[in-house]
Structure formats: C-alpha cells, structure tokens
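Results of the structural survey
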Amino acid sequence: MEAIIAEIKRLKSGPAHSFTTLQLEAILDRVGIARIPDFVELANTRLERHEQAAVYEPLFRRWAEQDQEAAISYALLHRVGSGNDLPINGLVSSLFQRWLQKEPEAPQA
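Read on for a plain summary of the structure. (Residues numbered from 1 in each chain as written. Predicted model: local features only at pLDDT ≥ 70, side-chain atom pairs only at ≥ 80, totals over all residues. Heavy atoms only, no water.)

Applying the stated criterion across every chain, the model contains four aromatic pairs. Relative to F60, the ring of Y56 has its centre 6.4 Å away and its plane inclined at 90 degrees; by these criteria the two rings are edge-to-face. Of this pair, Y56 and F60 both sit in helix 4 (residues 49–66), four residues apart, which is roughly one turn of the helix. This pair shows no difference in class: Y56 is buried, exactly as F60 is. Measuring from centroid to centroid gives 5.6 Å for F60 and W63, while their planes differ by 40 degrees, and the two rings are tilted. Of the two residues, F60 and W63 are both situated in helix 4; the distance of three residues between them amounts to about one turn of the helix. Look at W63 and you get buried, because its relative accessible area is 7%. Through pairs of rings, three or more aromatic residues link up here, namely Y56, F60, W63 and Y74. (Phe/Tyr/Trp six-rings, centres within 6.5 Å; stacked < 30°, edge-to-face > 60°. Helix = DSSP H or I, 4+ residues; strand = E, 2+ residues; numbered from the N terminus. Buried < 20%, exposed > 50% of the residue type's maximum accessible area, 1.4 Å probe, protein only.)

Structure, rendered in structure tokens:
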C-alpha cells in the first residue's frame with residue numbers, strides 16, 4: 001500500500017494530461033476490492049486533498065461494479081472525503097443512480 005501511495009504522489013506531482021488518468025487507473029488496479037477500505041484509511045492520512053479526490057472516485061466506482069451496497073455503505077458510514085472538498089456526495093449519488101437502474105428494489109432495502 002505504501003508503494004501505491006508513493007506512486008500516486010509522484011504521478012500527481014507532475015503535469016496532468018490524459019495519460020495521467022490511465023496511469024492512475026493502472027496504479028489503482030493493484031488495490032484489490034477487499035483492500036479498498038485499508039487503502040482509503042491510509043490515503044486519508046498520506047494523500048493530499050487533490051490526490052484523494054483523484055483516487056477515491058475510480059476506486060469506489062470499481063468497488064461498486066463488484067458490490068454496490070458495500071461500496072456505498074462504506075463511503076457513507078466512514079464519511080469518505082468529509083471535511084475535504086471532495087465530490088464524494090456526487091459520487092455516492094451517482095453510485096445510487098446506477099444501482100437503482102440495475103436493481104430497483106435493492107437500494108430500498
């Protein structure tokens with residue numbers, strides 16, 4: 001996890017371009033779904049706000065593809081991004097919308 005954090009910091013310290021997004025996704029793919037909560041906990045203390053904003057959205061979208069309820073629940077219960085200027089509310093809203101489209105009854109439960 002420390003190596004992934006270091007790579008993100010290195011990548012985000014340079015100029016942003018379209019290749020940066022692809023590189024970031026490749027780095028984040030090394031974080032397994034089961035390890036996302038551990039990664040977020042570490043990222044909350046090691047990454048700057050702009051770095052967190054760059055990684056949380058792709059991580060939670062990937063997690064939601066596997067288990068939408070778990071991804072949304074974690075983001076809400078652990079207040080991911082609270083206190084920061086992160087678009088987590090928009091992310092959770094987007095995740096809920098996708099979930100409703102796929103399984104209209106599940107989010108209600």
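With that settled, the discussion passes to the pattern of salt bridges. On inspection of all chains with the given rule, the structure shows six salt bridges. A salt bridge links R46 to E2; its shortest N-O distance comes to 2.7 Å. Here E2 lies in helix 1 (residues 2–13) and R46 lies in helix 3 (residues 36–46), a separation of 44 residues in the sequence. Between D38 and R35 there is a salt bridge, with its nearest N and O atoms 3.3 Å apart. By relative accessible area, which is 41% here, D38 ends up partly exposed. R35 gets classed as partly exposed once you look at its relative accessible area, which sits at 42%. (Salt bridge = Lys/Arg side-chain N within 4 Å of Asp/Glu carboxyl O.)

Moving on, we come to the environment of L42. Position of L42 relative to the elements: it lies in helix 3. Residue classification places L42 among the buried positions, given a relative accessible area of 17%. Sequence separation between L42 and M1 is 41 residues; the distance between their C-alpha atoms is 8.0 Å. Those residues in contact with L42 that sit more than four places away from it in its chain are M1, E2 and I5. (Contact = heavy atoms within 4.5 Å.)

Those residues of helix 5 (residues 68–77) that fall on the buried side of the exposure criterion are Q68, A71, I72, Y74 and A75. For helix 5, the buried positions fall inside an angular range of 160 degrees around the axis, keeping them on one side. Positive backbone phi, at 50 degrees, marks R79, one or two positions downstream of helix 5. (Arc of directions from axis to C-beta.)

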